[in-house]
Every structure is written in structure tokens, then in C-alpha cells.
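# A closer look at the structure
Listed below, chain by chain, are the residues.
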Amino acid sequence: ETLIRPWFATRTREAITREAQSRRIPIGPVRTPAELLTDPQYAARGFVGPGGMPAMPFRANGVRPHG
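Scoring rules and cut-offs
Residues numbered from 1 in each chain as written. Predicted model: local features only at pLDDT ≥ 70, side-chain atom pairs only at ≥ 80, totals over all residues. Heavy atoms only, no water. Helix = DSSP H or I, 4+ residues; strand = E, 2+ residues; numbered from the N terminus. Buried < 20%, exposed > 50% of the residue type's maximum accessible area, 1.4 Å probe, protein only. Contact = heavy atoms within 4.5 Å. Areas by Shrake-Rupley, 256 points an atom, 1.4 Å probe, with all protein chains shown as cover. Salt bridge = Lys/Arg side-chain N within 4 Å of Asp/Glu carboxyl O.

### Some remarks on the overall build of the chain
For the chain, the count of helices and strands is 4 helices and 0 strands. Counting helices and strands in the order they occur from the N terminus, the chain gives α-α-α-α. Looking at the chain residue by residue over its 67 residues, the buried ones come to 9%. Once local pairs closer than 6 in sequence are excluded, the contacts in the chain between residues at least 24 apart make up 0%. Counting every atom, the chain has about 6,000 Å² of accessible surface; 60% of that belongs to carbon and sulfur.

If you want it as C-alpha cells, here you go:
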């Protein structure tokens, strides 16, 4: 942690994500709940329902998971 902290401290979440993904490191930014409400990917998938609650039933690739 001591070695990498300075590198992370000088970059935005977007820059960290872009840099890691360019090196094929599976990473994604951690979003706040407020950010999720306006996330384009969640909006396109219809994940966020009325009042900011997740749309029900949950679906993965258009299919409701069995549990």
C-alpha cells in the first residue's frame, strides 16, 4: 500500500479505471448511491426504478435468476 498510494492519490477514479483496463486488469470504479441513479449503463438496462429503487424483478441478461 505504501508503494502504490502516491500513484492513486494523484489520479481520478476514471483515470485509474482507464489505466488499469488498458493493462487488462479487471477493475471498475466504486460508485456512490447517488452516482448510480444517473449511471448511463444502469439507465440503459432499466435497473433503476421509480424513486431510485432497483427495478424488480432483478434480471441478468434479460433473464430472471433462479434462486
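Text resumes after the structure shown.
### Digging into the pattern of salt bridges
Oppositely charged side chains can pair when the atoms bearing their charge come close. As enumerated under the stated definition, the model contains 5 salt bridges in all. For arginine 13, the salt bridge is made with glutamate 35, and the minimal N-O distance between the two is 2.5 Å. One end of the pair, arginine 13, is in helix α2 (residues 13-22); the other, glutamate 35, is in helix α3 (residues 33-37), with 22 residues separating them in the sequence. For glutamate 35, a relative accessible area of 26% gives the class partly exposed. For aspartate 39, the salt bridge identified is with arginine 31, shortest N-O distance 4.0 Å. Residue classification places aspartate 39 among the buried residues on the basis of a relative accessible area of 15%.

### With respect to α2
By the burial criterion, the buried members of α2 are Ala15, Ile16, Thr17 and Ala20. At its buried positions, α2 is contacted by α1 (5-9). Positive backbone phi, approximately 65 degrees, marks arginine 24, located one or two places after α2.

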